[in-house]
Amino acid sequence: MRERKKLKTRVAIREATYRLIREQGYEATTVEQIAEAAEVSPSTVFRYFPTKEDIVLTDEYDPLLEDELRARPADEPIVESLRHVLRRAVGLGFTEEPEVSRLRTTLMVEVPAVRSRMLESMSVTGRMLCRVIADRTGRDAGDLEVRAFSMGLVAALTETTAYWAEHGHQDDLGDLVDRTLAMLSTGFTA
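Notes on the structure follow.

1. Some thoughts on the environment of Arg47
With respect to the helices, strands and loops of the structure, Arg47 is situated in helix α3 (residues 42-48). For Arg47, a relative accessible area of 60% corresponds to the exposed category. Polar contacts involving the side chain of Arg47 include one to the side chain of Thr44, which spans 3.1 Å.

Okay, structure coming up:
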């Protein structure tokens, strides 16, 4: 029951944030307004999200992504596992909340504070990928090659999302992810 209440509070804060940002813009939206709209105190907002940018960026996908990657065949190339898992995640995230997905990615591109915080938070996803890749390869998660490969994937996927937003969300995000992963697997073609 306690976990459900926490989730309900997180959802209320996020929904209030997205509504206010749509109505008045990111910069004009304050934490105090978000708290009032979500019917919580500003300190509660900060207890769930350390910064306003975190409200936009934080989601529950990393643990799910890790579980899904670990469920893939151990001998499958990691890029192929990622393609499968991300295709599914993109489909779920976009069909469940297409407007929120578009708003979040637009803010990542247009708002410097959100973009900066996003770049900081990429390390969490990168560390998760390091663990999965290390387990699959028998290498240490701290090895340079594991870290470079993991963060390269995260950076490439971040740029894919930025490209999607910069081009008005017109392309299919799943197709863009496929293009990115194919390029990472085979390199550039002439």
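From this point, things continue past the structure.
2. Notes on the nonpolar core
Of all hydrophobic cores here, the largest spans 23 residues; its most connected members are Leu69, Leu82, Leu86, Leu129, Val177 and Leu181. Every residue in contact with Leu129, bar those within four places of it in the chain, is listed here: Leu69, Leu82, Ser150, Leu153 and Val154. Counting 12 residues, the second largest nonpolar core, distinct from the first, contains Ile21, Tyr26, Met108 and Met118.

3. Here's the deal with the packing of aromatic side chains
The tally for this structure, following the rule as stated, stands at 0 aromatic pairs. Sitting over the ring of Tyr26, Lys52 keeps its end group 4.1 Å from the ring centre.

4. Overview of unusual backbone geometry
Non-glycine residue Glu39 carries a positive phi angle of around 60 degrees. Mapped onto the elements of the fold, Glu39 is located in the loop between α2 (31-38) and α3. At His169, a position not held by glycine, the phi torsion is positive, near 55 degrees. Along the chain, His169 turns up in the loop between α9 (144-166) and α10 (173-186).

Definitions and limits used
- Residues numbered from 1 in each chain as written.
- Predicted model: local features only at pLDDT ≥ 70, side-chain atom pairs only at ≥ 80, totals over all residues.
- Heavy atoms only, no water.
- Helix = DSSP H or I, 4+ residues; strand = E, 2+ residues; numbered from the N terminus.
- Buried < 20%, exposed > 50% of the residue type's maximum accessible area, 1.4 Å probe, protein only.
- Polar contact = N/O pair within 3.5 Å; in protein donor to acceptor, adjacent residues only side chain to side chain.
- Core = buried A, V, L, I, M, F, W, Y, C linked by side-chain atoms within 4.5 Å.
- Contact = heavy atoms within 4.5 Å.
- Phe/Tyr/Trp six-rings, centres within 6.5 Å; stacked < 30°, edge-to-face > 60°.
- Lys NZ or Arg CZ within 6 Å of the ring centre and 35° of its normal.

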